Amino acid sequence: MRTFTLSIPAILFLFFCSPFIFSQELMVERNWPFTLDEVKAICADDDANRIYLGGNFNWANNTGKMSSLLFTMDKIDLTPNYDYPSDFSSLGPYNAIASDQNGGWFMGGFASSYGSLGPQLIFHLDHTGKVSNWSPDIFGSSIQRMKKIENQLFIWGNFQQVYGQNRTGFAVIDLDNDTISNIISSVNGLVSEVIQVDNDIIVVGNFSSINGVPRDNFASIDLATGNVNAWSITSNSTIRDVSYEATSNRFVAVGEFTEFGGLPRQYFASFLKNDTIPETASLTFPPQQSVFSLSAVAIHDNKVYLGGGFDTINNIPISNFVKYDLDSDSVAPMPFTLNAPVNQIIVDDGVLYFFGNFNEANGQNVGRLGMINLKTDTHTFLTFQQTSGVFGFDVFKGLMGFSGIFNFVSRYEHVAHFAIIDQEKKEVLDIDLEIDGPVHAITFHDGIIYIGGNFTEARGNAHINLLAYDPELDSILPWFPEPNNIVHALHVLNDKLYVGGDFNEIDQVTRTNIAGFNLPSRTITSTSFIK
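Quantities reported herein were computed from a predicted structural model and do not represent experimental measurements.

**Here we look at the packing of aromatic side chains**
Point 1. One pass over the structure, following the stated rule, counts 23 aromatic pairs.
Point 2. Summarising the aromatic geometry, the rings of phenylalanine 218 and phenylalanine 271 are spaced 5.6 Å apart at their centres and angled 80° between planes, so their arrangement reads as edge-to-face. Pair noted here: phenylalanine 218 is in strand β17 (residues 218–222) and phenylalanine 271 is in strand β22 (residues 268–272), with a separation of 53 residues, a long-range link.
Point 3. We classify phenylalanine 218 as buried; its relative accessible area is 0%.
Point 4. Judged by relative accessible area, which is 0%, phenylalanine 271 ranks as buried.
Point 5. Residues tyrosine 450 and tryptophan 479 carry aromatic rings whose centres are separated by 6.0 Å and whose planes lie at 80° to one another, so their mutual orientation is edge-to-face. Placement of the pair is tyrosine 450 in strand β39 (residues 448–453) and tryptophan 479 in the loop between β43 (475–476) and β44 (487–493), with a sequence separation of 29 residues. Residues tyrosine 450 and tryptophan 479 agree in their burial class; the two are buried.
Point 6. Through pairs of rings, three or more aromatic residues link up here, namely Phe218, Trp231, Tyr244, Phe251, Phe257, Phe260 and Phe271.
Point 7. In this arrangement the basic side chain of arginine 145 is found over the ring face of tryptophan 156, its NZ or CZ atom lying 4.8 Å from the centre.

**Quick notes on the environment of isoleucine 431**
Point 1. Here isoleucine 431 is to be found in the loop between β37 (427–428) and β38 (439–445).
Point 2. What makes isoleucine 431 buried here is its relative accessible area of 15%.
Point 3. Taking the C-alpha atoms as reference points, isoleucine 431 and isoleucine 420, separated by 11 residues in sequence, lie 7.3 Å from one another.
Point 4. Setting aside anything within four residues of it in sequence, one finds isoleucine 431 in contact with Phe418, Ile420, Arg459, Tyr469 and Asp474.

**Points about the nonpolar core**
Point 1. Phe268, Leu283, Phe285, Leu294, Val304, Leu306 and Tyr324 are the most contacted members of the largest nonpolar core, which totals 20 residues.
Point 2. Contributing elements (two or more residues each) for this core: β19 (250–255), β23 (293–300), β24 (303–309) and β27 (321–325).
Point 3. If one sorts the elements of this core by residue count, β23 sits on top with 3 residues.
Point 4. In this structure leucine 283 touches Phe268, Leu306, Ile313, Asn314, Tyr324 and Val331, once residues within four positions along its chain are discounted.

**Some details on the pairing of strand β8 (residues 138–149)**
Point 1. Two elements, β8 and strand β9 (residues 152–162), share 10 bridges in a ladder whose sense is antiparallel. When the bridges of β9 are listed, isoleucine 143 appears paired with glycine 157.

**Digging into the sheet that holds strand β28 (residues 330–333)**
Point 1. If you trace the 4 strands from one edge of the open sheet to the other, you get β23-β24-β27-β28, paired in antiparallel fashion. Both edges of this open sheet fall to β23 and β28, since each of them pairs with a single strand only. Sheet twist, expressed as the mean angle between neighbouring strand axes with direction ignored, is 25°.
Point 2. In terms of strand pairing, β24 meets β27 through 5 bridges, oriented antiparallel. From the neighbouring strand, valine 304 faces β27, where its bridge partner is tyrosine 324.

**Re the sheet that holds β39**
Point 1. As summarised here, the arrangement of the 4 strands in space is β38-β39-β42-β43, forming an open sheet in which the pairing is antiparallel. Two strands bound the open sheet, and with one partner strand each, they are β38 and β43.
Point 2. Here β38 runs beside β39; their pairing, made up of 6 bridges, is antiparallel. Residue pairing across strands places alanine 441 opposite glycine 452, the latter belonging to β39.

**Remarks on the pattern of salt bridges**
When the charged atoms of two side chains with opposite charge come close together, those side chains can pair.
Point 1. Scanning the entire structure with this criterion turns up 7 salt bridges.
Point 2. For the salt bridge of arginine 145 with glutamate 193, the shortest nitrogen-to-oxygen distance reads 3.3 Å. Taken together, the residues span a long stretch of sequence, with arginine 145 in strand β8 and glutamate 193 in strand β13 (residues 190–197) at a distance of 48 residues.
Point 3. The class for arginine 145 is partly exposed, based on a relative accessible area of 25%.
Point 4. Overall, the relative accessible area of 8% leaves glutamate 193 in the buried class.

**Here's the deal with the confidence of the model for the chain**
Point 1. Chain-level statistics for the chain give a pLDDT mean of 78 and a share of 74% at 70 or above.
Point 2. Taken as a whole, residues 410–414 scores under 50 in pLDDT and shows 21 contacts with residues more than four places along the chain or in a different chain.

**So, the side chain of glutamine 152**
Point 1. Of note, glutamine 152 is situated in strand β9.
Point 2. Looking at glutamine 152, its side chain comes within polar contact range of the side chain of asparagine 151, at 3.0 Å.
Point 3. Setting aside chain neighbours within four positions, we find glutamine 152 in contact with Lys147, Val172, Ile173, Asp174, Leu175, Ser181, Ile183 and Leu223.

Rules used throughout
- Residues numbered from 1 in each chain as written.
- Predicted model: local features only at pLDDT ≥ 70, side-chain atom pairs only at ≥ 80, totals over all residues.
- Heavy atoms only, no water.
- Phe/Tyr/Trp six-rings, centres within 6.5 Å; stacked < 30°, edge-to-face > 60°.
- Helix = DSSP H or I, 4+ residues; strand = E, 2+ residues; numbered from the N terminus.
- Buried < 20%, exposed > 50% of the residue type's maximum accessible area, 1.4 Å probe, protein only.
- Lys NZ or Arg CZ within 6 Å of the ring centre and 35° of its normal.
- Contact = heavy atoms within 4.5 Å.
- Core = buried A, V, L, I, M, F, W, Y, C linked by side-chain atoms within 4.5 Å.
- Pairing = 2+ DSSP bridges.
- Axes fitted to C-alpha atoms, helices over the stretch in contact; angles between N-to-C directions.
- Salt bridge = Lys/Arg side-chain N within 4 Å of Asp/Glu carboxyl O.
- pLDDT = per-residue confidence, 0-100.
- Polar contact = N/O pair within 3.5 Å; in protein donor to acceptor, adjacent residues only side chain to side chain.

In structure tokens, the structure reads:
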């Protein structure tokens with residue numbers, strides 16, 4: 001009889017590796033948000049909680065989703081958060097969207113249906129994308145805008161009743177009690193915008209009374225009681241948008257007015273909370289014409305961002321989007337020129353979002369939404385390839401939502417063959433080594449990243465197939481071993497860097513496909529490291 005003896009290595013192999021003897025659950029990390037083309041190398045730095053990726057790619061997080069209803073994404077990594085039920089059918093576009101501030105969304109538009117709910121002007125989807133069995137029984141033809149403030153949902157549109165009570169064009173829904181709210185029970189004209197300031201609601205538009213109290217296009221309402229506050233400031237025509245900054249206690253407003261607080265102010269006014277006189281602003285605009293509009297505004301760090309459809313401010317050719325510095329009382333164009341109006345501006349957590357009808361910036365194709373990091377003063381655009389349009393946009397604590405009729409949303413983030421990901425923040429760092437060819441190997445040791453592949457330069461300097469990068473200083477070390485062909489493998493052992501690949505010379509020394517180096521320091525003065 002033949003007997004078999006298993007060696008210790010063989011037993012260990014069977015124990016750990018055999019799928020026929022032991023069943024192991026694959027612990028794939030959920031919600032990994034990054035998409036790259038042809039990743040060839042990965043390494044990690046546990047101390048910095050970062051992952052380094054190399055390969056043959058030129059972008060990170062280029063994401064797409066077929067949808068005619070809604071697209072949501074995390075504002076950091078810009079990837080979809082969930083898919084919507086396939087049986088959600090749209091009978092008309094969704095013009096409005098509002099975050100429920102818990103990962104889900106309210107959507108409003110024209111009559112649409114979902115399952116047994118039947119035709120609806122408004123839906124709620126929870127954080128998983130499930131449609132809630134909720135209907136405020138709105139009688140009318142459309143909802144154009146929505147905004148949630150605490151437990152109240154403010155809606156604008158073409159409707160006459162909500163929950164069986166008369167509300168023409170504007171209403172507030174108490175979400176806690178699923179009833180109509182009387183915070184704003186009546187307004188005798190147009191509401192353009194609603195914002196929260198401390199414990200008050202600020203309402204602007206074109207009206208002469210709100211909750212039965214005379215007010216000229218601007219009103220402050222106590223959020224808890226619904227009482228119209230004594231403080232107000234007047235305008236002689238429509239206020240299209242308003243923004244507030246708590247650090248300066250300042251409001252800014254734009255619209256079609258030529259007087260504000262009883263003083264001449266053309267289309268723009270700034271004023272302090274509880275004051276009735278606007279501040280001085282040396283902004284001049286062309287006479288109000290059909291081709292001119294100033295419809296969106298936001299303030300951050302005493303900088304005012306103005307959007308609309310215009311081509312001249314202060315006799316300076318500036319199109320559709322401009323920054324106005326209140327401290328220096330001066331205007332400056334943005335670092336891009338848009339070909340169509342900016343309709344909405346939102347500042348959220350240090351990021352400014354501007355949304356509109358544009359599809360070109362500096363003559364290049366871009367999307368309907370741009371983002372400016374106000375800390376770094378850098379910008380990027382999303383691209384919507386669409387059949388009809390993107391009509392609504394909202395953002396709340398990291399989630400962005402879009403509504404309309406479109407079929408693809410993407411972000412192009414140039415990272416050229418090498419990317420660094422902050423694993424905790426799920427963020428691709430804004431670091432580009434400008435490597436001009438594929439990266440096949442990466443290893444990390446003592447704060448230095450070694451990168452090998454098939455390339456000839458990085459950041460405009462000659463680095464052939466192998467380089468050393470210090471991420472702490474964001475600098476490439478002056479180290480030039482220059483293997484004469486592709487590097488496929490890198491490994492550090494006992495303070496030596498081993499390089500494998502398809503080469504026969506490295507550091508001007510003959511070596512066939514494998515070589516070892518003493519590890520370079522951050523203050524390299526020589527390349528004589530080869531062993």
